[in-house]
Amino acid sequence: MSSPPKKRPHWIPVVAALIRRNNSLLLGLRPEGHNLAGLWEFPGGKIEIGESPEAALQRELREELGIEAEVGGLKLATTHSFGNTGIVLLFFEVNFWKGEPKTCHHSELKWVLIEELKNYQLPEANQKILSHILSVLK
Ligand code: DGT
């Protein structure tokens, strides 16, 4: 008997934004029908072929929040895997933008005080590096 074909391992590059206003960060509740629905994420998404990480994040923030963001520096990078799929997650700081973030994609948006981030259910890829995320926000 032959075993089922194995899916080849592959990596998905993802960019996420640390959008800061005073002592709070913007989190979005992942919508139903998506992977990880019901978890709070940092706005962002997959880098498309031909895009730089910064351009991908700018596009995602335009699509998801309706803002024109000035993407700042790369603050941290991490990897996470589920089965044969891995994500490389790059976090950029975003301190300046035009427009008021709107729920174009998420079920809800929330400005969360940095010290309260630990009370939110985040994707495992973020949860496991929360202390690192907090340290780059200092
Ligand atoms: P999917 O995953 O096929 O349902 O597609 P999307 O459009 O919901 O996912 P997208 O474009 O946001 O891709 C981001 C992937 O990275 C998704 O699998 C969730 C994962 N991820 C883990 N942590 C974060 C995070 O903080 N922010 C974002 N945006 N994605 C994260």
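Above: the structure in question.
Caption draft 1: Seen up close, the site of the ligand. Looking at the ligand, there are 14 residues lining it, with Arg-30, His-34, Phe-42, Lys-46 and Asn-126 nearest. In this structure, an oxygen atom belonging to the ligand sits 2.7 Å away from a side-chain N or O atom of His-34. The contact in question runs from a nitrogen atom of the ligand to an N or O atom on the backbone of Phe-42, over 2.7 Å. Here the ligand loses 85% of its free accessible area of 590 Å² to cover by the protein chains. Among the detected pockets, the ligand sits in the largest pocket. Those elements giving two or more residues to the shell around the ligand turn out to be strand 4 (44–46) and strand 7 (85–94). Residue composition of the shell around the ligand, by class: six nonpolar, five polar and three charged.

Caption draft 2: Local environment of the packing of aromatic side chains. Taken as a whole and judged by the stated rule, the model has three aromatic pairs. Judged by centre distance (5.6 Å) and plane angle (80 degrees), the rings of Phe-42 and Phe-91 are edge-to-face. Residue Phe-42 is located in the loop between strand 3 (40–41) and strand 4, and its partner Phe-91 is located in strand 7; the two are separated by 49 residues in the primary sequence.

Caption draft 3: Expanded view of the side chain of Thr-85. Positionally, Thr-85 belongs in strand 7. What makes Thr-85 buried here is its relative accessible area of 13%. Look past the residues within four positions of Thr-85 in its chain and what remains in contact with it is Lys-7, His-10, Ile-12 and His-80.

Caption draft 4: A look at the layout of surface pockets. What the largest pocket holds in volume is close to 580 Å³. Only strand 1 (10–21), strand 4, helix 1 (53–65), strand 6 (74–82), strand 7 and helix 2 (124–127) provide two or more residues apiece to the lining of the largest pocket. Tallied by class, the residues present in the lining of the largest pocket amount to 13 nonpolar, eight polar and six charged.

Caption draft 5: Inspection of the environment of Glu-60 at higher detail. Within the secondary structure layout, Glu-60 lies in helix 1. Spatially, the C-alpha atom of Glu-60 lies 39 Å from that of Ser-3, the residues being 57 residues apart in sequence. Those residues in contact with Glu-60 that sit more than four places away from it in its chain are Gly-44, Gly-45, Lys-46 and Leu-65.

Caption draft 6: Region of interest: the nonpolar core. Counting 24 residues, the largest nonpolar core has Leu-18, Leu-27, Phe-42, Phe-91 and Ile-133 as its most contacted members. At the level of secondary structure, the elements contributing two or more residues to this core comprise strand 1, strand 2 (24–29), strand 7 and helix 3 (130–136). With four residues, strand 1 is the single largest residue contributor to this core. If sequence neighbours within four positions are ignored, Leu-27 has contacts with Trp-40, Glu-41, Phe-42, Glu-108, Leu-109, Lys-110, Val-112, Leu-117, Tyr-120 and Leu-122. Counting residues in each nonpolar core, the second largest holds 17 residues, with Ile-67, Val-71, Val-94 and Trp-97 among its members.

Caption draft 7: Quick peek at the pairing of strand 2. Along strand 2, six of the six residues are buried, which leaves the element largely enclosed by surrounding structure. Residues Ser-24, Leu-26 and Gly-28 point to one face of strand 2 and Leu-25, Leu-27 and Leu-29 to the other, with burial holding for every one of them. Where strand 1 hands over to strand 2, the hairpin turn is made up of two residues, of which Asn-22 adopts a positive phi near 50 degrees. Relative to strand 9 (residues 108–113), strand 2 runs antiparallel, the two sharing six bridges. By the bridge assignment, Leu-25 is partnered in strand 9 with Val-112. In the sheet, strand 2 pairs with strand 3 via two bridges, with the strands oriented antiparallel. Note that in strand 3 the partner of Leu-29 across the bridge is Trp-40.

Thresholds applied
- Residues numbered from 1 in each chain as written.
- Predicted model: local features only at pLDDT ≥ 70, side-chain atom pairs only at ≥ 80, totals over all residues.
- Heavy atoms only, no water.
- Near = heavy atom within 4 Å.
- Polar contact = N/O pair within 3.5 Å; in protein donor to acceptor, adjacent residues only side chain to side chain.
- Areas by Shrake-Rupley, 256 points an atom, 1.4 Å probe, with all protein chains shown as cover.
- 1 Å grid on protein atoms, 1.4 Å probe; cavity = no way out; pocket = protein on both sides within 12 Å on 5 of 7 lines; lining within 4 Å.
- Sits in = over half its atoms within 2 Å of the grid points.
- Helix = DSSP H or I, 4+ residues; strand = E, 2+ residues; numbered from the N terminus.
- Nonpolar A, V, L, I, M, F, W, Y, C, P; charged D, E, K, R; others polar.
- Phe/Tyr/Trp six-rings, centres within 6.5 Å; stacked < 30°, edge-to-face > 60°.
- Buried < 20%, exposed > 50% of the residue type's maximum accessible area, 1.4 Å probe, protein only.
- Contact = heavy atoms within 4.5 Å.
- Points joined across faces, edges and corners; volume = space filled by probe spheres on them.
- Core = buried A, V, L, I, M, F, W, Y, C linked by side-chain atoms within 4.5 Å.
- Pairing = 2+ DSSP bridges.

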